[in-house]
Amino acid sequence: ARAHKPFADDIASKLTARQRKHYYETVANYDRSAGRSVMAHESKALSDYRTGEAKKLLANTAVTFSKNPDGLSMEAQEDLIRSITLGMFGDQGEEGNIKNSDLIRSALIQQTIANIAVNDPMAAETFFEKHKSLMEPAAAEEVKNTLEKAALPVKAQKLYTEVGGD
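Note that this is a predicted model, so its numbers are computed, not measured. (Residues numbered from 1 in each chain as written. Predicted model: local features only at pLDDT ≥ 70, side-chain atom pairs only at ≥ 80, totals over all residues. Heavy atoms only, no water.)

## Considerations on a nonpolar patch on the surface
Link 1 in the chain: A contiguous nonpolar surface patch, about 330 Å² in accessible area, is contributed by Leu159, Tyr160 and Val163.
Link 2 in the chain: Mapping tyrosine 160 onto the fold places it in helix H6 (residues 137-162). (Patch = residues over 30% accessible without salt bridge, like charges linked within 9 Å, V, L, I, M, F, W, Y side chains within 5 Å. Areas by Shrake-Rupley, 256 points an atom, 1.4 Å probe, with all protein chains shown as cover. Salt bridge = Lys/Arg side-chain N within 4 Å of Asp/Glu carboxyl O. Helix = DSSP H or I, 4+ residues; strand = E, 2+ residues; numbered from the N terminus.)

## Some thoughts on helix H2 (residues 17-67)
Structurally, the α-helix is built with 3.6 residues per turn, so residues lying three or four positions apart point the same way.
Link 1 in the chain: The end-to-end C-alpha distance of H2, which contains 51 residues, comes to 74 Å, matching closely the 75 Å that a straight helix rising 1.5 Å per residue would cover.
Link 2 in the chain: The complete set of buried residues in H2 reads Tyr23, Val27, Thr51, Ala54, Leu58, Thr61, Ala62, Phe65 and Ser66.
Link 3 in the chain: Elements in contact with the buried residues of H2: helix H1 (5-12), helix H3 (74-89), helix H4 (93-119) and helix H5 (121-131). (Expected span 1.5 Å × (residues − 1). Buried < 20%, exposed > 50% of the residue type's maximum accessible area, 1.4 Å probe, protein only. Contact = heavy atoms within 4.5 Å.)

## A closer look at the packing of aromatic side chains
Link 1 in the chain: Evaluated as defined, the whole model comprises 2 aromatic pairs.
Link 2 in the chain: Judged by centre distance (5.4 Å) and plane angle (80 degrees), the ring pair of phenylalanine 65 and phenylalanine 127 falls under edge-to-face. Placement of the pair is phenylalanine 65 in helix H2 and phenylalanine 127 in helix H5, with a sequence separation of 62 residues. (Phe/Tyr/Trp six-rings, centres within 6.5 Å; stacked < 30°, edge-to-face > 60°.)

## Some points on the nonpolar core
Link 1 in the chain: One finds Ile113, Ala124, Phe127, Phe128, Met135, Val143 and Leu147 to be the most contacted residues of the largest nonpolar core, which totals 14 residues.
Link 2 in the chain: For this core, the secondary structure elements donating two or more residues are H4, H5 and H6.
Link 3 in the chain: Leave out the neighbours within four places in its chain, and alanine 124 touches Ile113, Ile116, Ala117 and Leu147.
Link 4 in the chain: Membership of the second largest hydrophobic core comes to 7 residues, among which are Ala54, Ala62, Ile81 and Leu108. (Core = buried A, V, L, I, M, F, W, Y, C linked by side-chain atoms within 4.5 Å.)

## A short note on the side chain of asparagine 100
Link 1 in the chain: With respect to the helices, strands and loops of the structure, asparagine 100 is situated in helix H4.
Link 2 in the chain: Among all residues touching asparagine 100, those that are not within four sequence positions of it are Thr85, Phe89 and Gln92.

## Some thoughts on the confidence of the model for the chain
Link 1 in the chain: Residues of the chain with pLDDT of at least 70 account for 97%, and the chain-wide mean is 89.
Link 2 in the chain: Here H6 stands out as the element of the chain with the lowest mean pLDDT, 83, in contrast to H4, whose mean of 94 is the highest. (pLDDT = per-residue confidence, 0-100.)

## Looking at the environment of alanine 54
Link 1 in the chain: Structurally, alanine 54 can be placed in helix H2.
Link 2 in the chain: C-alpha separation for the pair alanine 54 and threonine 85, spaced 31 residues apart in sequence, amounts to 7.6 Å.
Link 3 in the chain: Setting aside residues no more than four positions away along its own chain, alanine 54 makes contact with Ile84, Gly87 and Met88.

## Topic: the packing of H5 against H6
Link 1 in the chain: H6 packs onto H5 with a crossing angle of 150 degrees between their chain directions and a minimal axis gap of 8 Å. Taken together, the axis directions place H5 and H6 in an arrangement best described as roughly antiparallel. By crossing handedness, the relation of H5 to H6 is classed as left-handed. Together, Pro121, Met122, Ala124, Glu125 and Phe128 of H5 and Ala140, Val143, Lys144, Leu147, Glu148, Ala150, Ala151, Val154 and Lys155 of H6 make up the contact between the two elements.
Link 2 in the chain: Across the contact of H5 with H6, the residue classes break down as 10 nonpolar, no polar and 4 charged. (Axes fitted to C-alpha atoms, helices over the stretch in contact; angles between N-to-C directions. Parallel < 35°, antiparallel > 145°, perpendicular 65-115°, else oblique. Left-handed = near helix turned anticlockwise from the far one by under 90°. Nonpolar A, V, L, I, M, F, W, Y, C, P; charged D, E, K, R; others polar.)

Shown next as structure tokens:
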């Protein structure tokens, strides 16, 4: 388990009994410290991986949802939101999980609207009106302002056509 054991034993063999005892205590402390450090790095890497995968799942779900908003049942949406929430935040207990799920739900709707708006700002506005109650208030206000700007040229063209323009 200890890669440095043969080297440490070689050094210890050249020490007095008292020095050897102190030396092995020092090596044991080093081993514990190195083990804790490795575990901390491993835990962080695993957490970063889970977070990255959850973010990818969120982005992919938003793309899927934007292409077919009625294609995901509420159960499927909630399962995905729960998976993304746990991947990004870990288990934070019931209250924390609910709060974090609300944030993820809001982000999912926001990303879905952004995806829809690329091709059809008017459809994005309709989707927004239908789902804005599920969004965080600040995010909903931001999306509303963005959609108003994005839909303006489409609305202007429609009005121009209605009043007899080309």
